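Chain by chain, the residues:
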Amino acid sequence: MRSLRPPRAIATLFVLGVMMALLHRWTARGPLEGRATLAVGFLLLAAFVAGDLAQHARLPRITGYLLIGFAAGPPWLGLVRRDELDALAFVEDAAVALIALAAGEELQLATLARSRVALARLTTGAMVFPFVVVSVVMISVSPWFPLTVHHTLGDGVAVALVLGAWAAVSSPVVTIALFEELDARPAPGPGALLNVAVVQDVVIGLLFALLLAVGNALTSPGALNLAVAGVALAGVTGSVAAGAFAGFAVSRWLPVVREPWPLLVATVFVAAAAARLAQLEPVLIGLAAGFAVTNIAPLAAGRLRAEVQRAAPLATAAFFVLAGAGLRLGVLADLWPWMLLLAGLRVVSLRSGLGWAGRTSDVTPVLARDGYLGLISQGGTALALGHLARRAFPEWGVSLEALIVAMIGAHLVAGPICLRAAVARMRDITEAGQGVT
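To keep things clear, this report deals only with the structure shown in the data block.

Calculation notes
- Sequence order sets the numbering: in each chain, residues are counted from 1 along the sequence as written.
- Local features in this predicted model are restricted to residues whose pLDDT is 70 or higher, and side-chain atom pairs enter the listing and the counts only when it is 80 or higher, whereas totals over whole chains, interfaces and linings include all residues.
- Excluded from the side-chain calculations are hydrogens and water; all other atoms, namely the structure's heavy atoms, are used.
- Secondary structure is summarised from DSSP: a helix means a run of H or I of at least four residues, a strand means a run of E of at least two, and numbering begins at the N terminus for each.
- Values of the radius of gyration come from C-alpha atoms, whereas the globule rule sets the reference at 2.2 Å times the count of residues to the power 0.38.
- Here, two residues are considered to be in contact whenever any of their heavy atoms come within 4.5 Å of each other.
- For every accessible area listed, the method is Shrake-Rupley and the probe measures 1.4 Å; residues are considered covered only by the protein chains on display.
- His is not counted here, nor are the chain ends, while Lys and Arg score as positive and Asp and Glu score as negative.
- A single reference atom marks each charge: NZ on Lys, CZ on Arg, CG on Asp, CD on Glu.
- Note that patches include only residues with greater than 30% relative accessible area and no salt bridge, and the join distances are 9 Å for like charges and 5 Å for nonpolar side chains (Val, Leu, Ile, Met, Phe, Trp, Tyr).
- The rule for a salt bridge is simple: a side-chain nitrogen of Lys or Arg has to be within 4 Å of a carboxyl oxygen of Asp or Glu.
- The buried label applies to any residue whose accessible area, calculated with a 1.4 Å probe on protein chains only, is under 20% of its type's maximum; exposed applies above 50%, and partly exposed to all values in between.

## Some thoughts on the overall build of the chain
Inference 1: For the chain, the helix and strand inventory stands at 18 helices and 0 strands.
Inference 2: For 437 residues, the compact-globule estimate of 2.2 N^0.38 gives 22 Å, and the C-alpha radius of gyration of the chain, at 21 Å, lies within 12% of that figure.
Inference 3: Taking the contacts inside the chain whose residues are at least 6 apart along the sequence as the reference set, 82% of them involve residues at least 24 apart.
Inference 4: Total accessible area on the chain is roughly 18,700 Å²; 66% of this is exposed by carbon and sulfur atoms.
Inference 5: Averaging the locations of the 30 positively and 24 negatively charged side chains of the chain gives two centres separated by 5 Å.

## What to know about a nonpolar patch on the surface
Inference 1: On the surface, a cluster of nonpolar side chains totalling about 650 Å² of accessible area is made up of F14, V15, V18, M19, L22 and W26.
Inference 2: Looking at where W26 falls in the secondary structure, it is placed in helix α1 (residues 6-26).

## Description of the environment of F393
Inference 1: Mapped onto the fold, F393 is located in the loop between α17 (380-392) and α18 (397-431).
Inference 2: Take F393: its relative accessible area is 1%, and that puts it in the buried class.
Inference 3: Taking C-alpha positions, F393 is 28 Å from V348, a pair spaced 45 residues apart along the chain.
Inference 4: Not counting residues up to four positions away in its chain, the partners in contact with F393 are A158, V162, L212, A223, L224 and L400.

## Here's the deal with the pattern of salt bridges
Inference 1: Enumeration according to the criterion identifies 8 salt bridges in this entry.
Inference 2: Two residues, R276 and D93, come together in a salt bridge whose shortest N-O distance is 2.7 Å. Of this pair, R276 sits in helix α12 (residues 261-278) while D93 sits in helix α5 (residues 89-104), placing them 183 residues apart in sequence.
Inference 3: Given a relative accessible area of 43%, R276 falls into the partly exposed group.
Inference 4: A salt bridge links R369 to D370; the shortest N-O distance between them is 3.2 Å.
Inference 5: According to the relative accessible area criterion, R369 is partly exposed, its value standing at 40%.
Inference 6: Each of R35, R81, D83 and E84 takes part in one network of salt bridges that share partners.

Limitation: the analysis is restricted to geometry and does not speak to function.
Have a look at this one:
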């Protein structure tokens with residue numbers, strides 16, 4: 001489909017906005033289901049137009065989706081109401097499950113085995129360095145940090161560990177969505193970044209549970225709810241198990257069905273329903289399902305992959321425009337200096353961690369130098385950490401979650417731009433004949 005030129009795109013967005021404002025007023029007392037349907041239709045149309053504008057501005061289309069969603073959402077223009085977004089959470093989960101399924105299909109055991117040393121070093125650098133740096137710095141400034149200024153040092157250590165865990169996770173959903181847009185999936189360098197982001201998503205839930213157990217020994221009585229550690233463990237193991245089961249079932253049905261798209265639709269909606277009903281993570285379900293399908297039935301998986309690629313543009317637009325509309329950045333008005341400190345620490349430590357990983361010949365210089373740009377994005381799993389942090393710390397968890405969610409929003413906007421720059425640099429190196437491992 002041809003993209004709209006900027007003048008026509010801006011005029012189209014204006015017309016869509018005026019029409020939605022009128023409909024927003026006329027349907028204010030209408031049933032929620034009807035209003036939610038109207039909202040998602042408007043957001044999708046606006047997203048595709050905003051994606052064209054972003055493309056003309058040499059930005060990723062994902063950035064256009066996020067920004068137009070934020071502009072139309074409750075924090076700004078209010079063309080979409082908060083209750084409508086809550087009603088569309090199931091659609092958002094289904095979209096992210098499909099995108100994660102595409103990411104999981106890229107994880108082939110043979111490829112992972114060949115690059116296991118590089119993957120181990122890259123993942124270690126991308127997780128350990130941010131975790132240690134953010135945790136240590138936040139412990140040292142805990143007497144002045146607004147959330148812990150009136151609490152004991154042990155409470156400050158527990159909060160610092162949670163923020164360290166937040167810094168150690170990236171978003172494979174953003175990574176694979178941008179790879180689809182840039183057609184960068186076959187490139188080995190970007191593929192390594194996707195592998196690292198997937199491992200981070202799986203490991204972080206286990207790490208978070210361990211940190212809560214450590215924090216429970218340090219915090220004052222009643223400051224931490226240790227039962228949340230069990231919830232985190234159950235969420236990771238349950239999501240991976242559910243996704244693996246779904247992938248096994250799909251791999252058995254793929255060879256016998258004539259058209260794979262009904263199977264794909266059923267899989268993503270079952271994943272979204274499981275996430276809603278059992279408090280699981282749709283990202284992990286999709287990743288595990290895609291991994292299982294591509295490794296159990298690699299030949300049949302090609303048919304499913306073709307359907308996923310056809311559905312990916314719509315799913316990507318739906319997820320990111322809804323994510324943009326749901327951004328909550330109000331907390332930054334009071335905590336923006338701390339947000340800048342945390343974001344800066346995370347970026348610097350990511351760069352240092354991947355630089356450390358590049359000290360071996362298994363990791364190429366381009367990944368060691370520029371790979372950190374591809375790991376800045378954050379999404380669903382980091383958001384889940386924020387929700388768990390709220391439940392883990394009854395006294396100040398709401399403020400901690402608000403800070404984490406706001407920082408995720410900032411990284412979600414900046415991350416695709418940085419990832420696109422990383423992919424461009426890796427392509428330049430590859431085309432120059434140096435190659436990327």
